Amino acid sequence: MVSAIRVPKSQRARRELQKHAPKLVETGKKTLILHGTKTSAVLNSVLSDIYHLKRDNAVKYTKKNDNIRPFESGGESSLEFFSLKTDCSLIVYGSHAKKRPNNLILGRTYDHHIYDLVEVGVENYKSMESYVYDKKLAPKLGSKPFFAFIGEHFESSEELKHLKEVLLDLFRGEIVENLNIAGVDRIYVCTAISPTTVYMMHCALRLKRSGTTIPRMELVEVGPSMDLVVRRHRLPVESLKKEAMKTAEHAKKMKNVTKDPVQGRLGKVYMPDQQVGKLTLSNDIKGLKRERREAKKNKEHSKKQKVNPE
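Each value, and the rule that gives it
- The numbering scheme is per chain: residues are counted from 1 as the chain's sequence reads.
- Residues qualify for local features only when their pLDDT is at least 70, as the model is predicted, and side-chain atom pairs are given and counted only at 80 or more; totals for whole chains, interfaces and linings, by contrast, use all residues.
- Side-chain calculation: all heavy atoms of the structure are included, whereas hydrogens and water are not.
- UniProt positions are given in the numbering used here, feature names are shortened, and annotations may be inferred rather than shown by experiment.
- Cavity means a closed set of points on a 1 Å grid over the protein atoms alone, one where a 1.4 Å probe fits but cannot get out, pocket means an open set with protein on both sides within 12 Å along at least 5 of 7 lines, and lining means a residue has an atom within 4 Å of a point.
- Grid points are joined across faces, edges and corners, and a volume is the space filled by probe spheres set on the points.
- Polar here means any residue outside two lists: the nonpolar Ala, Val, Leu, Ile, Met, Phe, Trp, Tyr, Cys and Pro, and the charged Asp, Glu, Lys and Arg; Gly therefore counts as polar.
- By definition, a salt bridge exists where a carboxyl oxygen of Asp or Glu is found within 4 Å of a side-chain nitrogen of Lys or Arg.
- Helix numbering and strand numbering both begin at the N terminus, where a helix is a DSSP run of H or I of at least 4 residues and a strand a DSSP run of E of at least 2.
- Note on classification: 1.4 Å probe, protein chains only; a residue is buried when its accessible area is under 20% of the maximum for its type, exposed when over 50%, partly exposed between these limits.
- The contact criterion used is simple: two residues touch if any of their non-hydrogen atoms lie within 4.5 Å.
- For the purposes of this section, nonpolar cores are sets of buried Ala, Val, Leu, Ile, Met, Phe, Trp, Tyr and Cys residues that join through side-chain atoms within 4.5 Å.
- Multiplying one less than the number of residues by 1.5 Å gives the expected span of a helix.
- A patch consists of residues whose relative accessible area exceeds 30% and which take part in no salt bridge; residues with like charges are grouped when within 9 Å of each other, and nonpolar side chains (Val, Leu, Ile, Met, Phe, Trp, Tyr) when within 5 Å.
- Per-residue accessibility takes into account occlusion by the displayed protein chains alone, with areas from the Shrake-Rupley method and a 1.4 Å probe.

Taking an unreviewed UniProt entry as the reference, the protein is identified by name as Ribosome production factor 2 homolog belonging to Urochloa decumbens. Its UniProt record gives the protein a comment under Subcellular location (unreviewed entry), which states: "Nucleus, Nucleolus". The UniProt entry for the protein carries this comment under Sequence similarities (unreviewed entry): "Belongs to the RPF2 family."

If you want it as structure tokens, here you go:
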């Protein structure tokens, strides 16, 4: 037996169906990973590790790209094109040159336009493969991470403030309301060594009994780890930042007003007691004038009947 599908025939019916339709849940931001004209072995390993950490929500291009210069005027058009093509709002771009070795550019987009950029140099890098540990402790794919930012420079240095925001956006994953602590199995520890340098390491969390409801946590370094030296950074344009920070305005709830899909907006109006018996009527009311005229005519007619009896 095949059931018929009811197709709405009016705009009001369509709006009602859309109102009760299941809402789409926004997932974590997708990350686009790109290679520059020239890369080094260290940088290739860094990009591979970032893709491994984000592989549930990332797109990686291995082809070399020549015309990407994000900090130059017009050089970001290729990044915006790839962002639109892959529907990614986070960008990781790696390049290697004599002037800027092992260069990593982290960027965010809004409406597929470059929002902000942070350029860092990678030093003292250790890949995930170089660490030896019990593989049972390896963080699971898609798990929610903790973040620890250590050092006063994250509050005093504008470069590290900006880098902190970008790193949180890059690795935090999906936004959730409730979290089970047993499902948190990793942590990113970022230590500010100087106003421009951050030591970043990735650790697994080992939960142990503590005799209380809160378990004791131990950190097991699983990699990667590296020093990130901030070279350049570009803050968002004020007009673009204002547009990106807009939030939906919630309509104020009106008292005694309800909406009905058929009758539209309905309202209740409360009237005080009028006390009609105490109201004074003026002599200018048309109804009273009409009654007086009719009474006068009846009176004159009765007088005529008395004067001229039949």
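There's plenty left to go through after this.
A. Focus on empty space enclosed by the protein. By the definition in use, this model includes one cavity of 30 Å³ or more. As for the largest cavity, its lining consists of 16 residues, of which I50, F171, M200, M226 and L228 are closest to the centre. Tallied by class, residues from the lining of the largest cavity come to 14 nonpolar, one polar and one charged.

B. Up close: the pattern of salt bridges. If you walk through the whole model with that rule in mind, you get twelve salt bridges. In this structure, K161 and E158 form a salt bridge, with 3.9 Å as the shortest nitrogen-oxygen distance. Taken together, the residues K161 and E158, both in helix 5 (residues 158–171) and three residues apart, mark about one turn of the helix. A salt bridge links E218 to R216, with the shortest nitrogen-to-oxygen separation between them at 3.0 Å. According to the relative accessible area criterion, E218 is partly exposed, its value standing at 23%. You can call R216 partly exposed: its relative accessible area is 42%. Linked through salt bridges whose partners overlap, the residues forming this network are K29, R108, D116, E165, D169 and R172.

C. Summary view of the layout of surface pockets. Here the second largest pocket defines a volume of roughly 350 Å³. If you trace the second largest pocket, you find 19 residues lining it, with I68, R69, Y93, S95 and R232 closest to the centre. A class-by-class count of the residues in the lining of the second largest pocket yields six nonpolar, five polar and eight charged.

D. Local environment of the environment of V122. Structurally, V122 can be placed in strand 5 (residues 113–126). For V122, a relative accessible area of 5% puts it in the buried group. Residues V122 and L228, spaced 106 residues apart in sequence, show a C-alpha to C-alpha distance of 5.2 Å. Setting aside anything within four residues of it in sequence, one finds V122 in contact with V46, N102, L104, M226, D227 and L228.

E. Quick look at unusual backbone geometry. The amide bond that connects G223 to the next residue, P224, takes the cis arrangement and shows omega of 5 degrees. Among the structural elements, P224 can be located in strand 9 (residues 216–234). The backbone phi angle of D87 is positive, close to 60 degrees, even though this residue is not glycine. You can see D87 is positioned in the loop between helix 3 (77–86) and strand 3 (90–95). Classification of D87 as exposed rests on a relative accessible area of 52%. Positive phi is not limited to glycine here, since N256 has a value of about 60 degrees. With respect to the helices and strands, the residue N256 is situated in the loop between helix 6 (238–244) and strand 10 (257–260).

F. Broad picture of the nonpolar core. V92, L104, L106 and L163 are the most contacted members of the largest nonpolar core, which totals 30 residues. For this core, the elements supplying multiple residues, two or more each, are helix 2 (41–53), strand 3, strand 4 (103–110), strand 5, helix 5, strand 7 (186–194), strand 8 (197–208) and strand 9. Beyond its immediate chain neighbours, meaning those up to four positions away, L163 contacts L106, V118, V120, V198 and V230. Counting residues in hydrophobic clusters, the runner-up holds eleven residues, among them L32, F82, I91 and I114.

G. Main features of the side chain of T86. Its place among the elements puts T86 in helix 3. Ignoring anything within four residues of it in the chain, the contact list for T86 reads K30, L32, V59 and Y61.

H. Quick peek at helix 5. For helix 5, spanning 14 residues, the distance from its first C-alpha to its last is 20 Å, which sits close to the expected 20 Å at 1.5 Å a residue. Listed in full, the buried residues belonging to helix 5 are L160, H162, L163, V166, L167, D169, L170 and F171. Positive phi shows up at G173, right after helix 5, with a value of about 75 degrees.

I. Spotlight on the side chain of N103. Looking at the secondary structure, you find N103 in strand 4. We classify N103 as buried; its relative accessible area is 3%. What N103 contacts, discounting residues up to four positions off in sequence, is L43, Y93, G94, S95, E119, V120 and R231.

J. Structural view of a nonpolar patch on the surface. The grouping of F146, I181, L207 and M217 at the surface amounts to a nonpolar patch, some 300 Å² of accessible area in total. The exposure class assigned to L207 is partly exposed, which follows from its relative accessible area of 34%.

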